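# Structural features, examined
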Amino acid sequence: MTERFTETLKNASEPTWSAAVGHRFVRELHEGSVSDRVMAAYLVQDHRFLDSFLTLLGAAIATADTFEARLRFGRFAGMVSGEENTYFLRAFDALGVTEEARAAISDTKPTEGFKAIMRQAAETRSYPAVLAVLNVVEWLYLDWAARAPQPLPGNFVHAEWITLHDNPFFRDFVAFLREELDRVGPSEEKTCTDFFLRTVTLERDFFDSAFEIGE
Ligand SMILES: Cc1ncc(C[n+]2csc(CCO)c2C)c(N)n1
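Parameters at a glance
- Residues numbered from 1 in each chain as written.
- Predicted model: local features only at pLDDT ≥ 70, side-chain atom pairs only at ≥ 80, totals over all residues.
- Heavy atoms only, no water.
- pLDDT = per-residue confidence, 0-100.
- Helix = DSSP H or I, 4+ residues; strand = E, 2+ residues; numbered from the N terminus.
- Expected span 1.5 Å × (residues − 1).
- Buried < 20%, exposed > 50% of the residue type's maximum accessible area, 1.4 Å probe, protein only.
- Arc of directions from axis to C-beta.
- UniProt positions renumbered as here; feature names shortened; annotations may be inferred.
- Contact = heavy atoms within 4.5 Å.
- Core = buried A, V, L, I, M, F, W, Y, C linked by side-chain atoms within 4.5 Å.

Across the protein chain, the average pLDDT comes to 95, with 98% of residues at or above 70. Here the predicted complex carries an ipTM of 0.95, next to a pTM of 0.96.

What follows covers helix α7 (residues 109–124). Between its first and last C-alpha, α7 extends 22 Å over 16 residues, near the 22 Å set by a 1.5 Å rise per residue. For α7, the set of buried residues is Pro110, Thr111, Phe114, Ile117, Met118, Ala121 and Ala122. On an axial view of α7, the arc spanned by its buried residues comes to 135 degrees, and they lie on one face. Those residues of α7 that are exposed and aimed more than 90 degrees away from the buried face are Lys109 and Glu123. Where α7 ends, the next residue or the one after it, Arg125, has phi of about 55 degrees, a positive value.

Tracing the sequence through the fold places Glu123 in helix α7. Sequence separation of Glu123 and Ser106 is 17 residues, and the distance between their C-alpha atoms is 25 Å.

Here, the residues flagged by UniProt with the feature "active site" (unreviewed entry) are Glu203. Inspection of the secondary structure assignment puts Glu203 in helix α11 (residues 189–214). Residues contacting Glu203, with those up to four places away along its chain left out, are Ala20, Phe114, Val136, Val137, Leu140 and Tyr141.

This part is about the nonpolar core. In terms of nonpolar packing, the biggest core is built from 75 residues, with Met39, Leu43, Phe73, Trp144 and Trp161 touching the most fellow members. The biggest single contributor to this core is helix α8 (residues 127–145), with 15 residues.

Below, the structure is given as structure tokens:
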């Protein structure tokens, strides 16, 4: 049996993929010991990421080659614009991060990098390129979240960040993203590999930077 295209991409991204999934941030999140400063630094940056992410999802809706796929992306966009946004606001409240404080914080390098790569992928108007970035930002997150030991931390800021990335709907969505990239990616292998590898590096750097600012 030949290896799935997405598996080949993930293997090509090693050892960076494993460095991200096994990052200190993930370890501490699993045990509920991430400090409030680090969690706040991380979430402030991640909230910025959401705007560009929706641009990328919009590009997926626009470039998908089937009606079925377009419907799925549409449903997902609805969910992201609803539930997840309230998580951020509740978490900022609990961590004592005001809107003014957030506005005064500038983008870190990895945040700039994510915004740029998501915009770049959207601008290619290539469904495989869009899928390559989406696969990393979703699948890599499912990968670390699915490894969380039970019981989850008592602090909702930690526990909900895990369950947002490991629940039946999200698992299904990641399975769908992989099937789509397996199907259309090989026709644009070089572009997909380039976007995939650059995004995995950004994921690792994004975790690193929460400690650089928050400690
Ligand atoms: C740096 C970074 N990478 C990936 C994700 C995961 N993620 C980004 S948008 C989205 C859809 C809504 O949950 C998901 C799962 C993240 N949050 N932050």
